[in-house]
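Okay, here's what each chain looks like letter by letter:
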Amino acid sequence: MASVGTALRELRGAQKSAKGVSLYSRFVNRPAGRYLAAGSYALGLTPNQVTLISAAFSFAAVAAVALTAPSWAMGAAVWAALAVGFAFDSADGQLARLRGGGSAAGEWLDHVVDCAKLTALHTCVLIAFHRFPEAYGTGSDGWLLVPLGFQFAAVVTFFGGLLTEKLKPGPAPGSAAAAPSTLRAVALLPVDYGVFSLVFLLLGGGALFRWAYAGLGAVAALFLVAFLVKWFRELSAVRR
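Cut-offs applied
- Residues numbered from 1 in each chain as written.
- Predicted model: local features only at pLDDT ≥ 70, side-chain atom pairs only at ≥ 80, totals over all residues.
- Heavy atoms only, no water.
- Helix = DSSP H or I, 4+ residues; strand = E, 2+ residues; numbered from the N terminus.
- Rg over C-alpha atoms; globule rule 2.2 N^0.38 Å.
- Buried < 20%, exposed > 50% of the residue type's maximum accessible area, 1.4 Å probe, protein only.
- Contact = heavy atoms within 4.5 Å.
- Areas by Shrake-Rupley, 256 points an atom, 1.4 Å probe, with all protein chains shown as cover.
- Phe/Tyr/Trp six-rings, centres within 6.5 Å; stacked < 30°, edge-to-face > 60°.
- Lys NZ or Arg CZ within 6 Å of the ring centre and 35° of its normal.
- Axes fitted to C-alpha atoms, helices over the stretch in contact; angles between N-to-C directions.
- Left-handed = near helix turned anticlockwise from the far one by under 90°.
- Nonpolar A, V, L, I, M, F, W, Y, C, P; charged D, E, K, R; others polar.
- pLDDT = per-residue confidence, 0-100.
- Salt bridge = Lys/Arg side-chain N within 4 Å of Asp/Glu carboxyl O.
- Core = buried A, V, L, I, M, F, W, Y, C linked by side-chain atoms within 4.5 Å.
- Disulfide = S-S within 2.5 Å.

## Side note on the overall build of the protein chain
Each helix and strand counted, the protein chain has 10 helices and 0 strands in total. Element order for the protein chain, N to C, with α for helix and β for strand: α-α-α-α-α-α-α-α-α-α. The C-alpha atoms of the protein chain give 19 Å as radius of gyration, which agrees with the globular expectation for 240 residues (18 Å, within 12%). Considering only C-alpha atoms, the protein chain reaches an extent of 60 × 45 × 30 Å along its principal axes. Out of the 240 residues in the protein chain, the part that is buried amounts to 39%. Taking all contacts inside the protein chain whose residues are at least 6 apart in sequence as the whole, residues at least 24 apart take part in 82%. For the protein chain, the accessible surface area stands at approximately 12,200 Å², while carbon and sulfur atoms represent 69% of it.

In C-alpha cells:
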C-alpha cells in the first residue's frame, strides 16, 4: 500500500475540474479531502467506507441540532462535524480515482447520502425551532415554514443540478476544459454547503442564528430560480 506522501502526489494530478465550484470547495474542502483520501488510501479503506464515515459525522451533527438545546459550544461542535463530514464527502471520490475508478454503486451511495444529509439537516432545524422556541425566538408557527422552504430549495437544486449533469452531453473528445471563472466561484459561495455550515457557529445566539439561517434560505431560493432558468435553457438545445 502506498504511503500518504505518494498518494498525495498522485492525487494532485487527478483532480476534477474546478469549473462551477465555489472558492470554499476549491481551496478549502477539496484540499482537505485530498489529505483525507491519501490517509484513507494508506489505511486500506474503500471509497464506500469513506462515504459512510462522512455520513457518520454529518448525521451526528444533524442529531445534535434536533436533540440538544442550542449553545455556543454545541454550535462549534455541530459546525466541526459538518465540516469534517463534507471533507470526507470530497475524499471518497478522490479515493476512488486514486484506486483506478469508482463504481456505479459507489456513486449511487454517495448521492443518496448527500440527499439524505440535506433533507435531514433542514428537518432537524425545524425540530429545533419547535422544541426550543424560547431559545430561538420561534414562538410563531410561521418560523417553522422557513426550514421547509430552505429544504425545498436545497433538495430541488441538488436534484436539478445532478439531473442536468447527466442529461447534458459531455465535452467533445480532445477539447480543452474551460478555465474556471473566479467571479462565478465567488458568486457561488452563498450556496456552498461548506459556507452554509458556518451558520451553525451562531447557534448560541438563538435569534441571531434564526435570522442568519433565514437569510441563507432566501438566498438559496433566489439561486434556485436562477439555476432552473439556466439549466432549462442549456437543456433546451440538447436533442435526444
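## With respect to the environment of Val21
For Val21, the position within the fold is in the loop between helix H1 (4-12) and helix H2 (23-43). If near-sequence neighbours (up to four positions away) are discounted, Val21 is found in contact with Arg26, Arg30, Ala185 and Leu188.

## Regarding the packing of aromatic side chains
All chains considered together, the criterion is met by 17 aromatic pairs. Measuring from ring centre to ring centre gives 6.3 Å for Phe129 and Phe209, while their planes differ by 75°; the resulting arrangement is edge-to-face. With a gap of 80 residues between them, Phe129 in helix H5 (residues 104-131) and Phe209 in helix H10 (residues 207-236) connect regions that are remote in the sequence. In terms of burial, Phe129 and Phe209 fall into one category: buried. Of the aromatic side chains, those joined through ring pairs into one cluster are Tyr24, Phe86, Phe129, Tyr136, Phe150, Tyr193, Phe196, Phe200, Phe209 and Tyr213. Positioned above the aromatic ring of Tyr193, the side-chain terminus of Lys117 is 4.6 Å from the ring centre.

## Re the packing of H5 against H10
Across the interface, H5 lies against H10 with an axial gap of 13 Å and an inter-helix angle of 145°. Of the two elements, H5 crosses H10, and the hand of that crossing is left-handed. Of H10, the residues touching H5 (which contributes His122, Val125 and Phe129) are Phe209, Arg210 and Tyr213. Within the contact of H5 with H10, the residues separate by chemical class into 4 nonpolar, 1 polar and 1 charged.

## Details of the packing of H2 against helix H4 (residues 72-98)
Between two packed helices, both the angle of their axes relative to each other and the distance between the axes serve to describe the pair. Where H2 meets H4, the closest approach of the two axes is 7 Å, and the angle between their N-to-C directions is 60°. When the axes of H2 and H4 are compared, the crossing they make is right-handed. In this structure, H2 contributes Tyr24, Ser25, Asn29, Arg30, Ala32, Gly33, Arg34, Leu36, Ala37, Ser40 and Tyr41 to the contact, and H4 contributes Ala83, Phe86, Ala87, Phe88, Ser90, Ala91, Gln94, Leu95 and Leu98.

## Side note on the confidence of the model for the protein chain
Considering every residue of the protein chain, the mean pLDDT works out to 90; 92% of them sit at 70 or more. Element-level pLDDT for the protein chain is lowest in H1, with a mean of 70, against a maximum mean of 97 in helix H3 (residues 47-67).

## Structural notes on the pattern of salt bridges
Evaluation of the coordinates by the stated rule reveals 5 salt bridges. For Asp114, the salt bridge is made with Lys117, and the minimal N-O distance between the two is 3.7 Å. One end of the pair is Asp114 and the other is Lys117, both in helix H5 and 3 residues apart, which spans about a single turn. By the burial criterion, Asp114 is buried, and Lys117 matches it.

## Some points on the nonpolar core
Buried together is how nonpolar side chains tend to be arranged in soluble globular proteins. Residues Val78, Phe196, Phe200 and Phe209 are the most contacted members of the largest nonpolar core, which totals 33 residues. When residues of this core are traced back to their parent elements, those giving at least two are H3, H4, H5, helix H7 (145-167), helix H9 (193-197) and H10. Among the elements that line this core, the one with the most residues is H5, at 7 residues. Ignoring sequence-local partners within four residues, the contact set of Val78 consists of Ala61, Ala64, Val65, Phe200 and Leu203. Counting 10 residues, the second-largest nonpolar core is a separate cluster that includes Leu8, Tyr41, Phe88 and Leu95.

## Observations regarding the state of the cysteines
Under the definition given, this model contains 0 disulfides. With no disulfide of its own, Cys115 has Cys124 as its nearest cysteine by sulfur position, at a separation of 14 Å. Since its relative accessible area comes to 11%, Cys124 is described here as buried.

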